[in-house]
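# Coordinate analysis (summary)
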Amino acid sequence: MPHARFLPAPSYPGVLPAPPFPVPPGPPSPGALGARRSRDPIRALGGLPVPGRCQVLPGSPRSSSPLLSAPSRPSSPGKAKARRAEAEPSPPGRAAPHRGRTGATPRPHRGHTGAAATMASIGSFFRRSLRRSGRRGKEEAPGAENPSRVPQGKAGERSPLLYSAGQFFFEYLVVVSLRKVLDGRYEPKITYQFPKRENLLKGQKEEEERLLQAIPLFCFPDGNNWAPVTEFTSETFSFVLTNVDGSRKIGYCRRLLPSGRGVRLPEVFCIISCLGCFGLFSKILDEVEKRRQISMAVIYPFMQGLRESPFPAPGKTVTIKSFIPEAGTELIELTRPVDAHLEHVEFQALLQQLSPQLILHIFASAVLERRLIFLAQELSVLSQCIHAVAALLYPFTWAHTYIPVVPECLLDTVCCPTPFMVGIQMRHLERVLDQPMEEALIIDLCEGKILRAVGDEEEILPIKLQNEMLTSLNRHNNNNNVHTPEQVNTLVSEAFVHFFVRTVGHYASHIKWSKSGAGTFQERAFCKAVASRSSRKFVKKFVKTNMFSLFIEEAEKSRIPQEAYFQRKITEYREQKKHRRDS
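Because the structure is predicted, anything quoted here is derived from the model rather than measured.

The next point concerns the packing of aromatic side chains. Under the counting rule described, the total for this entry stands at 26 aromatic pairs. On the numbers, 5.3 Å between centres and 65° between planes, the contact of phenylalanine 499 with phenylalanine 538 is edge-to-face. Of this pair, phenylalanine 499 sits in helix H12 (residues 485-504) while phenylalanine 538 sits in helix H14 (residues 533-542), and the two are 39 residues apart along the sequence. Accessibility assignment for this pair places phenylalanine 499 and phenylalanine 538 in one class, buried. By relative accessible area, which is 2% here, phenylalanine 538 ends up buried. A cation over a ring is seen here: arginine 197 above tyrosine 172, with NZ or CZ 4.6 Å from the ring centre. Across from the ring centre of phenylalanine 168, 4.2 Å away, lies the NZ or CZ of arginine 307, which sits over that ring.

Encoded structure:
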């Protein structure tokens, strides 16, 4: 694949853009685990079909969308402490208190000193900014919203990315090209940027520079072993830049070979946006590529027209007028899906690479916030499959490190002791396996198999519900040619949403409301209310996760359900149960 409030884009005064790289945190203290892990600055980066300051990533919103994954908000220490009093030992594979091992800091691979130096300077600057923000006082938590500049979304809906209609489609369009350096290698550089921002304050300019320094690494994450070619198949992928407060920016990328004669180097057109809608931006990149084959000059008026158009509401269409030489004026219609929580995901990509049984094993690991590493040859496969896995967690959000495509110089991210969900190109498999990493689930998307597992993946989910989901996924596979991508998204999403309805759909009944309107979640009573022994065993583990804590913290703030779609499914399930009892 959401939170109801979102931060504005970084072009406005006083708003920090996302840190453009993952910063491995120090060892977590035992008291800082669970819901408090949402403060970890390591939760940075990634990109569809995928799922904290923007996904990915889809901006500035913070939520849990099936796609992108991982916004989080600093939570109230009192409530978290009360819930942790009932905490159980962390399940296998979960982040655990430090055991004498320090968090590994990414070490640049030899031969990539230029990129490494850039990342090191960005890292030290960002860490200093984190320390400064920590000294500003507890009353002003990182990412605290300013009501005067928080666009409001539709009541009852959250979004992992900024889904508020009427805002800009994008912040930047950049072109990243390969330029030869002194030792003969090629390094990615931004050669075109639209729009150019002027009159920025010093702090804003520094943040923009960090963002623009990071983008090339994610547009060419596969290193700099390039050579000019005459043929190149265009590929589409995305990445996410996540800030410490959970907001995200998504980079939608189209890597292509410019038109011309003879050998050329590929280039990447990258759209940076706070909005999560992969299908819509893929169509925009189609238009950009069509114009690139004519002239770069034809791209500017199209993007200017797009920037001046409001982002449509779910199910609505916006029409862009664009002139193309020798073709005249074209009308381009861009439509958002009706179901906003599915607009940044394509489950078909995941089903094509993995069996339903393996998908359930991956889901089980993700729902307990373990470490997951996905391997594939193509960037588009990595990007789409990881976004799809994050989307399976709806209505919850992956709130840890999330990097759908890890740049080569950041491969040591897999050494981090905290949970992560990352995608790495298959050619780096040997190097990844040699890393001194903690327990992790390693998935080969090329062969559709698991290379390394914790070993208890089949035992995590309640067996009855697991079999129901498996039947639903197998039913889709048996009718693979019958369904459209939209139908596949709906069918797959409903199977996993139904799982959460059955296991934790009664959460609202266990929030005690005071006269002042403040809610307090009754965790012990909530767990005891689960009738099935196997389901209760799962729920007792799930309530200790960061994603559940963040979800409950939002629920405690208002009697209005945060996820309208999820709440609707809960209501439907209860009505069906009542009807069966009465009949």
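Turning to the packing of H12 against helix H16 (residues 564-582), a few remarks are in order. At a closest axis distance of 10 Å, the pairing of H12 and H16 adopts a crossing angle of 70°. Comparing their axes, H16 and H12 come out roughly perpendicular. The crossing of H12 and H16 is right-handed. Contact residues: Glu494, Val497, His498, Phe500, Val501 and Arg502 in H12; Tyr565, Phe566, Lys569, Ile570 and Tyr573 in H16. When grouped by side-chain class, the residues that make up the contact of H12 with H16 number seven nonpolar, one polar and three charged.

Attention now moves to helix H5 (residues 299-307). Each α-helix winds once per 3.6 residues, and so residues spaced three or four apart point in a common direction. The complete set of buried residues in H5 reads Ile299, Phe302, Met303, Gly305, Leu306 and Arg307. On its buried side, H5 packs onto strand S1 (172-180), strand S2 (186-194), strand S5 (267-273), helix H4 (278-292), strand S6 (317-324) and strand S7 (328-335).

Sheet strands pair by backbone hydrogen bonding; their relative direction is either parallel or antiparallel. Spatial strand order, S9-S10-S8-S11-S12: five strands in an open sheet with mixed pairing. Either end of the sheet is taken by a strand with one partner, and the two such strands are strand S9 (401-403) and strand S12 (449-452). Mean inter-strand twist for the sheet, computed between neighbouring axes without regard to direction, equals 25°. As defined by bridge partners, strand S8 (residues 371-376) adjoins strand S10 (residues 420-425) across six bridges and the pair is classed as parallel.

Attention now goes to the environment of proline 221. With respect to the helices, strands and loops of the structure, proline 221 is situated in the loop between helix H3 (202-219) and strand S3 (235-242). It is 6.4 Å that separates the C-alpha atoms of proline 221 and valine 406, two residues lying 185 residues apart in sequence.

Further remarks concern the sheet that holds S5. One open sheet holds the five strands; their spatial order is S2-S1-S5-S4-S3, and the pairing between them is antiparallel. Edge strands, defined here as strands with exactly one partner in the open sheet, are S2 and S3. Ignoring which end each strand starts from, the neighbouring axes of this sheet average 25° apart. Here S1 runs beside S2; their pairing, made up of eight bridges, is antiparallel. Within the sheet, the bridge partner assigned to valine 174 lies in S2 and is glutamine 193.

Across the interface, helix H7 (residues 356-367) lies against H12 with an axial gap of 13 Å and an inter-helix angle of 45°. Considering their axes alone, H7 and H12 lie oblique with respect to each other. When you trace H7 past H12, the crossing you get is right-handed. Contacts between H7 and H12 involve Ile359, Leu360, Phe363 and Val367 from the first element and Phe496, Phe499 and Phe500 from the second. Classifying every residue of the contact of H7 with H12 by side-chain character gives seven nonpolar, no polar and no charged.

Reading the values: rules and limits
Residues numbered from 1 in each chain as written. Predicted model: local features only at pLDDT ≥ 70, side-chain atom pairs only at ≥ 80, totals over all residues. Heavy atoms only, no water. Phe/Tyr/Trp six-rings, centres within 6.5 Å; stacked < 30°, edge-to-face > 60°. Helix = DSSP H or I, 4+ residues; strand = E, 2+ residues; numbered from the N terminus. Buried < 20%, exposed > 50% of the residue type's maximum accessible area, 1.4 Å probe, protein only. Lys NZ or Arg CZ within 6 Å of the ring centre and 35° of its normal. Axes fitted to C-alpha atoms, helices over the stretch in contact; angles between N-to-C directions. Parallel < 35°, antiparallel > 145°, perpendicular 65-115°, else oblique. Left-handed = near helix turned anticlockwise from the far one by under 90°. Contact = heavy atoms within 4.5 Å. Nonpolar A, V, L, I, M, F, W, Y, C, P; charged D, E, K, R; others polar. Pairing = 2+ DSSP bridges.

Read these as geometric descriptors, not functional statements.
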